[in-house]
Amino acid sequence: MDDEGYMRRAIALCEEKMVSGEGGYCATIIVRDGEVIGEGWNNVVETHDATGHCEINAIRDAGARTGSWDLSGSVLYTTWEPCSMCAAAIWWARIDRVFYANLLSDAADLGVDIGDLESEVATASEQRRRPYRRLLGDEAFAVFKAWWDSGDRATI
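What counts and how
- Residues numbered from 1 in each chain as written.
- Predicted model: local features only at pLDDT ≥ 70, side-chain atom pairs only at ≥ 80, totals over all residues.
- Heavy atoms only, no water.
- Helix = DSSP H or I, 4+ residues; strand = E, 2+ residues; numbered from the N terminus.
- Buried < 20%, exposed > 50% of the residue type's maximum accessible area, 1.4 Å probe, protein only.
- Contact = heavy atoms within 4.5 Å.
- Areas by Shrake-Rupley, 256 points an atom, 1.4 Å probe, with all protein chains shown as cover.
- Lys, Arg positive; Asp, Glu negative; His and termini not counted.
- Charge placed at Lys NZ, Arg CZ, Asp CG, Glu CD.
- Patch = residues over 30% accessible without salt bridge, like charges linked within 9 Å, V, L, I, M, F, W, Y side chains within 5 Å.
- Salt bridge = Lys/Arg side-chain N within 4 Å of Asp/Glu carboxyl O.
- Pairing = 2+ DSSP bridges.
- Axes fitted to C-alpha atoms, helices over the stretch in contact; angles between N-to-C directions.
- Core = buried A, V, L, I, M, F, W, Y, C linked by side-chain atoms within 4.5 Å.

Engineer: Describe the overall build of the chain, listing the residues and the values that go with them.
Structural biologist: The helix and strand inventory of the chain stands at 7 helices and 4 strands. In terms of overall dimensions, the chain has C-alpha extents of about 50 × 40 × 25 Å along its principal axes. Sorting the 156 residues of the chain into buried and exposed places 32% on the buried side. Taking the contacts inside the chain whose residues are at least 6 apart along the sequence as the reference set, 47% of them involve residues at least 24 apart. For the chain, the exposed surface amounts to about 10,000 Å²; the carbon and sulfur share of it is 55%. Considering the chain, the positive charge centre built from 15 side chains and the negative charge centre built from 27 side chains are found 6 Å apart.

Written out as structure tokens, the structure is:
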């Protein structure tokens, strides 16, 4: 299957989940070596989970199927341009390429504007609109440093 075929599969998954009432308006598939290794759809409302975006769910599914958080060598096909949270998850999962259909600006045109999110993420923690304050940094870093020094970095 080619890139357009995989995107059509993501679009079909989106429609299927909308019709069945399992989720809404977007879906994602992850492919590696010609095999779908993960799929997800937006289920924020259904699961009461703000992180239930289709890309996040597909990454979780791919991790469960492959037994690895490292999805290097894979390609993600999603029906919406990823938001900042999803772009970060894609980066952490080491996904090689991303194809998307709808633009975030298309959502904004319908009244779903995430411009404030983009601005918040781009702002230094201490300058964000919601208060962020560092607390017990030395203690928390000591725990991290002990793990780092152990050499067991399979969980990065």
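Engineer: Could you give an account of a nonpolar patch on the surface, naming the residues involved and the relevant values?
Structural biologist: A grouping of Val98, Tyr100 and Leu103 is seen on the molecular surface, where their side chains present a nonpolar patch of about 230 Å² in accessible area. Under the relative-accessibility criterion, Val98 is labelled partly exposed at 33%.

Engineer: I'd love a proper account of the sheet that holds strand S3 (residues 74–80), names of residues and values included.
Structural biologist: As summarised here, the arrangement of the 4 strands in space is S2-S1-S3-S4, forming an open sheet in which the pairing is mixed. Each edge of the open sheet is held by one strand with a lone partner, namely strand S2 (35–42) and strand S4 (97–102). Averaged over all pairs of adjacent strands, the angle between their axes in this sheet comes to 15 degrees, without regard to strand direction. The pairing of strand S1 (residues 24–32) with S3 spans 5 bridges and is antiparallel. Across the sheet, Thr28 pairs through a bridge with Thr78, a residue of S3.

Engineer: Could you give me a rundown of the nonpolar core, with the residues and numbers involved?
Structural biologist: With 14 residues, the main nonpolar core has Ile30, Ile59, Leu71 and Ile95 as its most contacted residues. Elements with a minimum of two residues in this core: helix H3 (54–66) and helix H4 (84–92). By residue number, the principal contributor to this core is H3, which donates 4 residues.

So, to be careful, I would describe these as geometric facts and stop short of saying anything about function.
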